[in-house]
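Architecture at a glance
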Amino acid sequence: MPWLRLQAVAAVLSLVAAAGVSHGFEFHEATMEAIHLGFSNGSLTSTALVRFYLDQISRLNPLLRAVIEVNPDALRQAARADAQRASSGGRLTGGLYGIPVLLKDNIATLDALNTTAGSFALLGSVVKRDAGVVVRLRQAGAVVLGKANPSEWSNFRVVDSGWSARGGQSLNPYNLSSTPCGSSSGPGIAAAANMAAVTLGTETDGSILCPSAWNSVVGIKPTLGLTSRSGVIPITPRQDTVGPMCRTVSDAVQVLDAIVGYDAFDAAATGAASKYIPAGGYKQFLKKDGLRGKRIGVPNGFFQGFGETEMRVYEQHLTTMRNHGAVVIENLDVAPNLTALSVDIASNRWIAARAEFKLSLNAYLADLRYSRVRSLADVIAFNNANPVQERLKDFGQANLIAAENTNGIGPMERAAIRRLKELSAGGLERLMKERQLDAIVTSDSSASSLLAIGGHPGIVVPAGYDQQGAPFGICFGGLQGYEPRLIEIAYAFEQATNVRRPPLFKP
């Protein structure tokens, strides 16, 4: 009921106002740079930081439902980081060392946390090893804070955005009536609402970019294979990727530096993408003049359906890019008929993805050390046996059943995959090469399918807020390996505009 939500918002705002400052350190909106400084000057410890985020989760999560589970070992990990930092003479103060990270609940951890994609079917399952990106996080000294609420099965089972059986319905912290958008909504909400400074999401098509835009955070969807997908509950290996969702471009880039690289458990993809990782990492591309000289294309059809407020803001942003030295080229066509292209992509992607999902999920489930479901057929049977818990009446499981009815990658699937490659080569790739573009710029996640089918990267940055206070974003997309130039553009844009503000929890 609306009045109950109003009461909850009032309680949350009063609690949030009472928290946030301790021993001179400002926790709210703290960046990694501020955290590093706090570690260095003694105003902050990892233990205090973890306690703050755990407190934020306990205050906000009953309303926002962004976090599905917290790590009972997080404080112990933080205390160990503090002890090691002290014994090192203060040298361990950079990177992710001692910084808490929330993971989308499809990224496996070999610890007390569950990895379930939001489904009760996988509750209690045990993985054999940490996901590849988690191995890198632990090597960097990060503290695994917990798991964030996804759209169940990353929305391959079609549900309301941000809903899972285990986590419930997550809410947009800016406007509780707006969509949190995308299957990585939990990480986006958590970062926006200061329940963590660092979160990881996953994307198949829009699941990092969309919740980043709608929750006013920065999301990086990397080139396919730049980050390992091993230990990630899959949809399709042609499109799945893991990326950071943080409050600033700088924070997201520092996380990206920590998680990229080769993984023997995802050898083909990470081996192929390793050539794109620059010597010295990605942080070197955080340049305030990063827009200067960049050729940025504005493809037709990707700034539609917005009100006057949003369109005026987007037009101002294009002017800002020009004023900072970018060459902004408008009225470009990705295809002669964008609607026909979208239909072509969607139909062929579905043909391929339903077979790939069955194969990939069955492989993931078979590799678990323990699980009560060992196949997609078992998941479907579990849902049928637990219809209330899994809300079968509301959402059904048509996509799961359609995937189960496939029989591997046959002629039809191979033809669909070939067609998707053709559409990528003849669409976005052709346009960018012909016009010598460093990036395209689009609204929110409107170009996510173009990026997805070619394994191309994108970065969303906060762009503004509508009249109801709901955020919208701007996306810079490029070709495989274009992360350096996208980071330069995104960082310079962020520094020039400074759009982001904390959420107000409007009913």
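Before reading on, note that the structure itself is shown above.
The text that follows walks through the structure, step by step, so that each part is easy to find.

How each quantity is defined
- Residues numbered from 1 in each chain as written.
- Predicted model: local features only at pLDDT ≥ 70, side-chain atom pairs only at ≥ 80, totals over all residues.
- Heavy atoms only, no water.
- Disulfide = S-S within 2.5 Å.
- Helix = DSSP H or I, 4+ residues; strand = E, 2+ residues; numbered from the N terminus.
- Buried < 20%, exposed > 50% of the residue type's maximum accessible area, 1.4 Å probe, protein only.
- Arc of directions from axis to C-beta.
- Contact = heavy atoms within 4.5 Å.
- Salt bridge = Lys/Arg side-chain N within 4 Å of Asp/Glu carboxyl O.
- Pairing = 2+ DSSP bridges.
- Right-handed = clockwise from strand over helix to strand, strands pointing away.
- Axes fitted to C-alpha atoms, helices over the stretch in contact; angles between N-to-C directions.
- Core = buried A, V, L, I, M, F, W, Y, C linked by side-chain atoms within 4.5 Å.
- Phe/Tyr/Trp six-rings, centres within 6.5 Å; stacked < 30°, edge-to-face > 60°.
- Lys NZ or Arg CZ within 6 Å of the ring centre and 35° of its normal.
- Expected span 1.5 Å × (residues − 1).

**Points about the state of the cysteines**
- Counted according to the given criterion, the structure contains one disulfide.
- Disulfide pairing is shown between Cys181 and Cys210; the S-S distance is 1.6 Å. Measuring handedness by torsion sign, the sulfur bridge of Cys181 and Cys210 sits at about 85° and is right-handed. Pair noted here: Cys181 is in the loop between strand 7 (168-169) and helix 6 (185-192) and Cys210 is in helix 7 (residues 209-214), with a separation of 29 residues, a long-range link. One exposure class covers both Cys181 and Cys210, and it is buried.
- Free cysteine Cys246: the closest other cysteine sulfur is in Cys475, separated by 16 Å.
- Just so you know, Cys475 is unpaired, no disulfide at all, and the nearest cysteine sulfur is the one on Cys210, 11 Å from it.
- Residue class for Cys475 comes out buried when judged on its relative accessible area of 2%.

**Comments concerning unusual backbone geometry**
- The phi dihedral of Trp153 is positive, around 50°, even though this residue is not glycine.
- Mapped onto the elements, Trp153 comes out in the loop between strand 5 (143-148) and strand 6 (163-164).
- According to the relative accessible area criterion, Trp153 is buried, its value standing at 2%.
- Residue Arg391 is not a glycine yet carries a positive backbone phi of 50°.
- Take Arg391: its relative accessible area is 28%, and that puts it in the partly exposed class.

**Some remarks on helix 12 (residues 376-385)**
- Of the positions making up helix 12, those classed as buried are Leu376, Val379, Ile380, Phe382 and Asn383. Buried residues of helix 12, viewed axially, fall in a sector of 160°; they line one side.
- Residues of helix 12 that are buried sit in contact with helix 11 (338-366), helix 13 (392-395) and helix 14 (398-404).

**Describing the environment of Met412**
- Among the structural elements, Met412 can be located in helix 15 (residues 411-434).
- For the pair Met412 and Ile351, spaced 61 residues apart in the sequence, the C-alpha separation amounts to 7.6 Å.
- With residues up to four places along the chain from it excluded, the contact list for Met412 reads Ile351 and Arg354.

**Some remarks on the pattern of salt bridges**
- Under the counting rule described, the total for this entry stands at 25 salt bridges.
- In this structure, the salt-bridge partner of Asp73 is Arg76, at a minimum N-O distance of 2.6 Å.
- Looking at Asp73, the relative accessible area reads 22%, which means it is partly exposed.
- The salt bridge involving Asp205 is made with Arg349; its shortest N-O contact spans 2.2 Å. Note that Asp205 is positioned in the loop between strand 8 (198-203) and helix 7 and Arg349 in helix 11, a separation of 144 residues in sequence.
- Under the relative-accessibility criterion, Asp205 is labelled partly exposed at 22%.
- Overlapping salt bridges, with partners in common, bring together Glu29, Arg247 and Arg500 in one network.

**Some points on the pairing of strand 4 (residues 100-104)**
- Taken across its five residues, strand 4 has five buried, putting it largely inside the fold.
- Here strand 4 shows two buried faces, one formed by Pro100, Leu102 and Lys104 and the other by Val101 and Leu103.
- As paired elements, strand 4 and strand 5 share five bridges and run parallel to each other. Residue Leu102 lies in a different strand from strand 5, and its bridge partner there is Gly146.
- Where the polypeptide runs from strand 4 across helix 5 (residues 132-139) and back to strand 5, its parallel neighbour, the crossover connection is right-handed.
- Pairing of strand 4 with strand 8, which is carried by three bridges, proceeds in the parallel orientation. Residue pairing in the sheet places Val101 in a bridge with Val198 of strand 8.

**Looking at the sheet that holds strand 4**
- What the eleven strands build is an open sheet, ordered 3-5-4-8-10-9-14-15-13-11-12; its pairing is mixed. Taken across any chain shown, the strands that pair with only one partner, and hence form the sheet edges, are strand 3 (67-70) and strand 12 (327-332). Recorded for the sheet is a direction-independent mean angle of 25° between the axes of neighbouring strands.

**Some points on the nonpolar core**
- With 138 residues, the main nonpolar core has Ile35, Leu64, Met321 and Phe476 as its most contacted residues.
- Looking at this core, the element that brings in the most residues is helix 3 (residues 46-64), giving eight residues.
- Of all hydrophobic cores here, the second largest spans six residues; its members include Ala191, Ala192, Val217 and Tyr465.

**Notes on the packing of aromatic side chains**
- In the structure shown here, the tally under the stated rule is eleven aromatic pairs.
- Look at Trp163 and Phe395: their rings are 4.9 Å apart centre to centre, the planes differ by 50°, and that puts the pair in the tilted class. You can see Trp163 sitting in strand 6 and its partner Phe395 sitting in helix 13, a full 232 residues away along the chain. Residue Trp163 shares its accessibility class with Phe395, and that shared class is buried.
- Among the aromatic residues, those joined into a cluster by ring pairs are Phe25, Phe27, Phe52 and Tyr53.
- The cationic tip of Arg485 hangs over the ring face of Tyr482; the distance from NZ or CZ to the ring centre is 3.8 Å.
- The ring of Tyr465 carries Arg501 above its face, with NZ or CZ at 3.9 Å from the centroid.

**Quick look at helix 4 (residues 74-87)**
- Helix length check: helix 4 (14 residues) gives 20 Å between terminal C-alpha atoms against 20 Å at 1.5 Å per residue, within 8%.
- Buried within helix 4 are the following residues: Ala74, Gln77, Ala78, Ala81, Asp82 and Arg85. End-on view of helix 4: buried residues confined to an arc of 140°, all on one side of the axis. The exposed residues of helix 4 that point more than 90 degrees off its buried face are Ala86 and Ser87.
- Elements in contact with the buried residues of helix 4: helix 2 (32-41), helix 3, helix 5 and strand 5.
- At the C-terminal side of helix 4, Gly89 shows a positive phi close to 75°.

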